[in-house]
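Single-letter residue listing:
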Amino acid sequence: ILMILIRYIVLVFLLLFSTNSFGGEKIVFIDINYIFVNSNAGKDLNNEIKLKNEKLNYEIDEFKKNIENQKEKLLSQKNVLSVEEYNNKILIIEENIKEMNIAVNKNKIELNKFKLKVEKTFSQKLNSLIETYSVDKSIDIILNKSNLLMAKKNLDITNDILNLFNKNFDKIDIK
């Protein structure tokens, strides 16, 4: 019992005389996705991604139409062509499909690489700006809003950073 009493006294002593290490720190949060979607540079980059994606989808749709036309044409010639010639034309269509699938996959990989490059470049620019902002405003911790469960709205610095980002980066070139 004496041992339990000593532990209890030590615990109470530690709790009473320890200081709260987070008491003086300034903590805020930011919505990075909002900045990416709503900043001038982010809108421009999102538009570039959208255009590249639309171009890829257009190429795929055009190829599908072309293949369907080739198949219909071949079916209409089935009775006129010899079996060997018909089979050769089928092989040609199948080879075109394989080549297009390779090209589509290559373009999808390039689009994904571009998206990653956009994210990386945008994040680097944003992080350098946030770092400067945090030093200027004496902010100790900046959290991403997507990782928060709940916080006071007055701790949200998203609009401040968005305005600052728009002033510093109207457009970001991706090379």
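None of the values given here were measured: they were computed from a predicted structure.

A short note on the pattern of salt bridges
The tally for this structure, following the rule as stated, stands at three salt bridges. The salt bridge partner of Lys65 is Glu62, with a shortest N-O separation of 3.7 Å. Of this pair, Lys65 and Glu62 both sit in helix 3 (residues 40-76), three residues apart, which is roughly one turn of the helix. Looking at Glu62, the relative accessible area reads 32%, which means it is partly exposed. Between Glu110 and Lys113 there is a salt bridge, with its nearest N and O atoms 3.9 Å apart. Here Lys113 and Glu110 lie together in helix 4 (residues 83-136), a separation of three residues that amounts to about one turn. Among the residues examined, Glu110 registers a relative accessible area of 40% and is labelled partly exposed.

Details of helix 3
With 37 residues, helix 3 should reach 54 Å at 1.5 Å per residue; the first-to-last C-alpha distance of 54 Å fits that figure. Three or more residues of helix 3 are buried, namely Ala41, Gly42, Leu45, Ile49, Leu56, Ile60, Phe63, Ile67 and Leu74. Contacts made by the buried residues of helix 3 are with helix 2 (32-38), helix 4 and helix 5 (158-168).

Focus: helix 4
Under the 1.5 Å per step criterion, the end-to-end length of helix 4 is 79 Å for 54 residues, consistent within 8% with the ideal 80 Å. One or two steps after helix 4, the chain reaches Ser138, where phi turns positive at roughly 55 degrees.

Comments concerning the packing of helix 4 against helix 5
Running from amino to carboxyl end, helix 4 crosses helix 5 at an angle of 115 degrees, the nearest separation of the two axes being 11 Å. In this structure, the crossing between helix 4 and helix 5 has a hand that is right-handed. Taken together, the residues of helix 5 that come into contact with helix 4 (itself represented by Phe122, Lys125, Leu126, Leu129, Ile130 and Tyr133) are Asp160, Ile161, Leu164, Phe165 and Asn168. The residue inventory of the contact of helix 4 with helix 5, partitioned by class, reads eight nonpolar, one polar and two charged.

Here's the deal with the nonpolar core
In terms of nonpolar packing, the biggest core is built from 22 residues, with Phe122, Ile161, Phe165 and Ile172 touching the most fellow members. Going through the elements one at a time, strand 1 (27-30), helix 2, helix 3, helix 4 and helix 5 are the ones with two or more residues in this core. Among the elements that take part in this core, helix 4 stands out by supplying seven residues, more than any other. With residues up to four places along the chain from it excluded, the contact list for Ile172 reads Ala41, Leu45, Thr121, Phe122, Lys125 and Phe165.

Comments concerning unusual backbone geometry
Phi angles above zero are rare outside glycine, and Ser138 is one such case at about 55 degrees. Mapped onto the fold, Ser138 is located in the loop between helix 4 and strand 2 (141-144).

What to know about the side chain of Ser134
Within the secondary structure, Ser134 is located in helix 4. Beyond its immediate chain neighbours, meaning those up to four positions away, Ser134 contacts Ile139 and Ile142.

Quick look at the environment of Phe169
Along the polypeptide, Phe169 turns up in the segment after helix 5. Measuring from C-alpha to C-alpha, the distance between Phe169 and Leu126 comes to 9.3 Å, with 43 residues separating the pair along the chain. Not counting chain neighbours up to four residues away, the residues in contact with Phe169 comprise Ala41, Lys125 and Leu129.

Here is what the cut-offs are and how they apply
Residues numbered from 1 in each chain as written. Predicted model: local features only at pLDDT ≥ 70, side-chain atom pairs only at ≥ 80, totals over all residues. Heavy atoms only, no water. Salt bridge = Lys/Arg side-chain N within 4 Å of Asp/Glu carboxyl O. Helix = DSSP H or I, 4+ residues; strand = E, 2+ residues; numbered from the N terminus. Buried < 20%, exposed > 50% of the residue type's maximum accessible area, 1.4 Å probe, protein only. Expected span 1.5 Å × (residues − 1). Contact = heavy atoms within 4.5 Å. Axes fitted to C-alpha atoms, helices over the stretch in contact; angles between N-to-C directions. Left-handed = near helix turned anticlockwise from the far one by under 90°. Nonpolar A, V, L, I, M, F, W, Y, C, P; charged D, E, K, R; others polar. Core = buried A, V, L, I, M, F, W, Y, C linked by side-chain atoms within 4.5 Å.

As far as function goes, none of this settles anything; it's purely spatial.
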